[in-house]
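# Structural characterization, general
What follows is the residue order along each chain.
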Amino acid sequence: MRTLALGLVGLVVVAAGLFFAFSGSGRVPPIDTSGEDLGQAIEAWLDDRHAQPEVAFNGAILVINDGEVIIRKAWGKDGEGRALTPTSKFRLASVSKAFTASAILKLAQDERLALDSPVADQIEGCTVNATPAQLLRHISGIPDDYLDKADPEQLTTVPMVFDQVCEGSRNYEAPGEFSYNNTGYVFLAGLVERVSEQSFESYLAREVLAPLELESTRVWNLVSGDDFADRAITFDAQGKLVPTNVDGVAGDGAVFSTLDDLANWARFWRDDRLLSAPLKDRATGLGGEDAYHFGWNRSGDRVEHTGGWLGARTYLGFEDTAPDGDVVIFLDNGSTTKAGDIVREIWSALGKD
């Protein structure tokens, strides 16, 4: 489970904003921005955060301020002792959800899927009453129970979760109240597979990642079969972390990416590539309410998402009301307990509390 709301690592959605809540005791000190160079000030502060054992930040950060990259740096090593670099490929956890949303939106744009029609009306034999849009917004009403149903002796996969949801769909009615739902996003990945007749990994690679030239981004799980260079192995205080029987799924997570690709990804949501402006605006909630939309949570001018799974602690946030809006990308592979505090202090240093 790539958690955001009340999940394993305790991430929460509070009012209109998206905040980490898995910080340890005590706040980190503020960034001293009294000097002339903001980038140097943030970098020095991050150097100190990495050096503090009680913070133990270990990963990579990219910050764009007024259209200029002012931080692009990696700190520390991965779970196998290899030095991290700005081109290391990190597990995104729930930051992956916007990629799932993009695949659904691409199918909708190609008129292969209707966002606002019940799945039951579009997929034979599946009586899910929720629409793809309701699933994307976590208001589908389906139970978030794929982890509870996982057989420890069997690899859980996307088709397996899709079928489980379809088979149990007579037990609830959509829509429901907002309730963060990883099962719903795995189901959406299965919906992509059913409609496209490709694996979710293949469809996303061909229809989204390749056109956007996100060459260092991919879906990877235990179904993929292969591995890839520069994957930042996660770890915690006990050592290297390895995938388990529930790591055969995608949709709620399973995307790996780099700082540069994610900066491109943030730019994509503000430009005219691949998807129409109305679809993108609906996904991010531009011009609408501060709330969770399609893989993104809106809070004022900022769109953002967090993630946490298997030692990864991640965040991507950007301002989308101007082409040169600020961007903060935070990727940690060492189970830091200070992710939320670090992200908040960076935004504060940018003057965006």
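Residues numbered from 1 in each chain as written. Predicted model: local features only at pLDDT ≥ 70, side-chain atom pairs only at ≥ 80, totals over all residues. Heavy atoms only, no water.

### Details of the overall build of the protein chain
If you tally the helices and strands in the protein chain, you get 10 helices and 13 strands. Computed over its C-alpha atoms, the radius of gyration of the protein chain comes to 19 Å, within 12% of the 20 Å expected for a compact globule of 353 residues. Principal-axis analysis of the C-alpha atoms gives the protein chain an extent of 60 × 45 × 35 Å. The buried share among the 353 residues of the protein chain stands at 56%. Counted over contacts in the protein chain with a minimum sequence separation of 6, partners at least 24 positions apart contribute 69%. When the accessible surface of the protein chain is totalled, it reaches about 13,900 Å², and 47% of it is carbon and sulfur. (Helix = DSSP H or I, 4+ residues; strand = E, 2+ residues; numbered from the N terminus. Rg over C-alpha atoms; globule rule 2.2 N^0.38 Å. Buried < 20%, exposed > 50% of the residue type's maximum accessible area, 1.4 Å probe, protein only. Contact = heavy atoms within 4.5 Å. Areas by Shrake-Rupley, 256 points an atom, 1.4 Å probe, with all protein chains shown as cover.)

### Observations concerning the packing of helix H2 (residues 97-109) against helix H7 (residues 200-209)
The geometry of H2 relative to H7 is characterised by a closest axis approach of 10 Å and an angle of 75° between their N-to-C directions. Considering the angle they form, H2 stands roughly perpendicular to H7. Facing Phe-99, Thr-100, Ser-102, Ala-103, Lys-106 and Leu-107 of H2, the residues of H7 in contact are Phe-200, Tyr-203, Leu-204, Glu-207, Val-208 and Leu-209. Among the residues forming the contact of H2 with H7, the class breakdown is eight nonpolar, two polar and two charged. (Axes fitted to C-alpha atoms, helices over the stretch in contact; angles between N-to-C directions. Parallel < 35°, antiparallel > 145°, perpendicular 65-115°, else oblique. Nonpolar A, V, L, I, M, F, W, Y, C, P; charged D, E, K, R; others polar.)

### Quick look at unusual backbone geometry
Although it is not a glycine, Asp-230 sits at a positive phi angle of roughly 65°. As for its position among the elements, Asp-230 is in the loop between strand E6 (218-219) and strand E7 (235-236). We note that Leu-310 has phi near 50°; this positive angle belongs to a residue other than glycine. Among the structural elements, Leu-310 can be located in the loop between strand E11 (302-309) and strand E12 (312-319). When its relative accessible area of 15% is taken as the criterion, Leu-310 is described as buried.

### As for the environment of Lys-77
Tracing the sequence through the fold places Lys-77 in the loop between strand E4 (68-75) and strand E5 (90-91). Residues Lys-77 and Gly-334, spaced 257 residues apart in sequence, show a C-alpha to C-alpha distance of 8.8 Å. Aside from chain neighbours lying at most four places away, what touches Lys-77 is Asn-58, Arg-82, Ala-83, Leu-84, Phe-235 and Asn-333.

### Considerations on the sheet that holds E12
The six strands are arranged E4-E3-E13-E12-E11-E10 in an open sheet whose pairing can be described as antiparallel. The two strands at the open ends of the sheet, each matched to only one other strand, are E4 and strand E10 (297-299). If you compare each strand with its neighbour and ignore which way they point, the axes differ by 15° on average. By the bridge criterion, seven bridges tie strand E3 (residues 59-65) to E4 in an arrangement that is antiparallel. In the sheet register, Ala-60 faces E4, and the bridge partner there is Ala-74. Of the strands in this sheet, E3 and E4 are in contact with helix H1 (residues 38-51), which crosses E4 at around 15°. (Pairing = 2+ DSSP bridges.)

### A word on the packing of H2 against helix H6 (residues 182-196)
A pair of packed helices can be characterised by two numbers: the angle between their axes and the separation between those axes. It is the contact of H2 with H6, at a shortest axis distance of 10 Å, that shows an interaxial angle of 35°. As for the relative orientation of H2 and H6, their crossing is left-handed in sense. Facing Lys-97, Thr-100, Ala-103, Ile-104 and Leu-107 of H2, the residues of H6 in contact are Asn-182, Tyr-185, Leu-188, Ala-189, Leu-191, Val-192 and Val-195. Across the contact of H2 with H6, the residue classes break down as nine nonpolar, two polar and one charged. (Left-handed = near helix turned anticlockwise from the far one by under 90°.)

### Digging into the sheet that holds strand E9 (residues 255-257)
Pairing is antiparallel in the open sheet, where three strands are placed in the order E5-E9-E6. The open sheet terminates on both sides in strands that have one partner only, identified here as E5 and E6. Of the pairings in the sheet, the one linking E5 to E9 comprises two bridges and is antiparallel in character. Residue pairing in the sheet places Phe-90 in a bridge with Ser-257 of E9.

### Examining the pairing of E12
Counted residue by residue, E12 has eight buried out of eight residues, so it is predominantly covered. Here E12 shows two buried faces, one formed by Ala-312, Thr-314, Leu-316 and Phe-318 and the other by Arg-313, Tyr-315, Gly-317 and Glu-319. Where E11 meets E12, eight bridges bridge the pair, whose relative direction is antiparallel. For Glu-304, the partnering residue across the bridge sits in E12 and is Gly-317.

### Quick word on helix H5 (residues 158-168)
Where H5 is concerned, the buried positions are Val-158, Val-161, Phe-162, Val-165 and Cys-166. Considered in projection along H5, the buried side chains sweep an arc of 135° and stay on one side of the axis. Close packing links the buried residues of H5 with helix H4 (146-149) and H6. (Arc of directions from axis to C-beta.)

### Some points on the environment of Leu-62
Topologically, Leu-62 is positioned in strand E3. Taking the C-alpha atoms as reference points, Leu-62 and Ser-299, separated by 237 residues in sequence, lie 20 Å from one another. Setting aside anything within four residues of it in sequence, one finds Leu-62 in contact with Val-69, Ile-71, Arg-72, Leu-259, Asp-260, Ala-263, Val-327, Val-328 and Ile-329.

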